[in-house]
Amino acid sequence: MKRLLLALLAAAALGVPTLPVFGSGIPRDSLPKNSAAQQTAAAEEAPEPVRQRFLPTRRRMDREIDKIKYAYRGEIMLGTTASYGTLSTDEADIWTLVSNITAEGAVASVKPFVGYFYRDNRCIGVRFGYQHMSGKIQNAEYDLGASNNISGAIPYFDMKSNSYSFGLFHRSYAGLDPAGRIGLFAEFEFLVTCGTADFVFDDPASRTYSDNMQLKLAFNPGAAVYIFPNVCATISFGLGGIQYNTVTQKNQAGEKIGSRETSKMRFRLNLLAINFGMNIHLWDHKKK
């Protein structure tokens, strides 16, 4: 009300005809331009400013991580990672507490994948995998010393497993050199793994089998280097994640004899999850 009175007084002082603004049926646009009444009406109808919880994008700090382009939008990436390791002993003394151990083992895996860069340095894709593990201990003796009076032999142990996996991943690159030849990447992967295993403990004639399933959300950072214009070599490190496992055990007749479920969250370097790979980038643009 006070604003209306002030507007009327100001209009009278300027010699502007005072027309009713509200309730008269006269549109505000018909008032004289720049009149006090029109300005007052515009102020009354102006919407309240919207409070933003976060800063606008233009005001946020730009760390220029994407300034150097390692891969361009529209590229298709084909590649694979592989790992292989063996362990073999022949009546060896590998520790002071364990002697006369005969053991052997092997771990091998191959994981082909395909990805699509939906924007510069950003890629989504799918990955398939196969892993084989085997291990055997035929004999081993342990001795904790005369003062502890604890000694004995480790029973016979034999294990084999095969598993298949399917995963979805998202990979973000950051170039390190102006030519875009060397880059780092951070990868998040959701993985589903199913497989079978059989093992023997103590009695070679008694063998049990198991069906295994694992759900895992993993974080795998790494580095990539172009060795040819469209071919790059990669190395990645498994730093753990969140996983859920279920195991169903069966006897030789195929009857269920037990099951267990486990879940855990662990973030640390896994020496068994260091993978070397080779990628081929198709439809690549010329590096700038």
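See above for the structure.
Right, let's walk through the structure included here. Since the structure is predicted, the reported quantities are computational estimates derived from the model, not experimental observations.

**Things to note about unusual backbone geometry**
- One non-glycine residue, Asn121, lies in the positive phi region at around 65°.
- Its relative accessible area of 0% is what places Asn121 among the buried residues.

**A closer look at the environment of Leu217**
- With respect to the secondary-structure elements, Leu217 resides in strand E7 (residues 208–219).
- Using a relative accessible area of 44% as the deciding quantity, one classes Leu217 as partly exposed.
- Separated by 26 residues in sequence, Leu217 and Leu191 have C-alpha atoms that sit 6.4 Å apart.
- Leave out the neighbours within four places in its chain, and Leu217 touches Glu189, Phe190, Gly240, Gly241 and Ile242.

**Here we look at the nonpolar core**
- Residues Tyr70, Ala71, Met77, Phe113, Phe117, Cys123, Phe169, Tyr173, Phe185, Ala224, Tyr226 and Cys232 constitute the largest nonpolar core, which totals 12 residues.
- Taken together, the elements giving at least two residues each to this core come down to strand E2 (98–119), strand E5 (157–175) and strand E8 (222–228).
- Those residues in contact with Ala224 that lie beyond four places of it in its chain are Tyr70, Tyr173, Arg181, Ile182, Gly183, Phe185, Ala233 and Thr234.

**Concerning the environment of Thr80**
- Secondary-structure assignment places Thr80 in strand E1 (residues 76–88).
- The class of Thr80 is partly exposed, set by a relative accessible area of 31%.
- Residues Thr80 and Phe128, 48 residues apart in the sequence, show an inter-C-alpha distance of 9.2 Å.
- When sequence neighbours within four positions are dropped, the list of residues in contact with Thr80 reads Val110, Lys111, Pro112, Phe113, Phe276, Gly277, Met278 and Asn279.
- From its side chain, Thr80 meets the backbone oxygen of Lys111 in a polar contact 3.4 Å long.

**Observations regarding the pattern of salt bridges**
- Inspection of the entire model under this criterion finds eight salt bridges.
- Between Glu187 and Arg127 there is a salt bridge, with the nearest N and O atoms lying 3.2 Å from each other. Residue Glu187 is located in strand E6 (residues 182–201), and its partner Arg127 is located in strand E3 (residues 122–143); the two are separated by 60 residues in the primary sequence.
- Given a relative accessible area of 3%, Glu187 falls into the buried group.
- Lys160 is the partner of Asp158 in a salt bridge, and the nearest nitrogen-oxygen pair spans 3.5 Å.

**A look at the packing of aromatic side chains**
- Evaluated as defined, the whole model comprises eight aromatic pairs.
- With 4.8 Å between their ring centres and 35° between their planes, Tyr70 and Tyr226 make a pair best called tilted. Of this pair, Tyr70 sits in the loop between helix H2 (36–45) and E1 while Tyr226 is found in strand E8, placing the two residues 156 residues apart along the sequence.
- A relative accessible area of 8% means that Tyr226 is categorised as buried.

Thresholds, definitions, all that
Residues numbered from 1 in each chain as written. Predicted model: local features only at pLDDT ≥ 70, side-chain atom pairs only at ≥ 80, totals over all residues. Heavy atoms only, no water. Buried < 20%, exposed > 50% of the residue type's maximum accessible area, 1.4 Å probe, protein only. Helix = DSSP H or I, 4+ residues; strand = E, 2+ residues; numbered from the N terminus. Contact = heavy atoms within 4.5 Å. Core = buried A, V, L, I, M, F, W, Y, C linked by side-chain atoms within 4.5 Å. Polar contact = N/O pair within 3.5 Å; in protein donor to acceptor, adjacent residues only side chain to side chain. Salt bridge = Lys/Arg side-chain N within 4 Å of Asp/Glu carboxyl O. Phe/Tyr/Trp six-rings, centres within 6.5 Å; stacked < 30°, edge-to-face > 60°.

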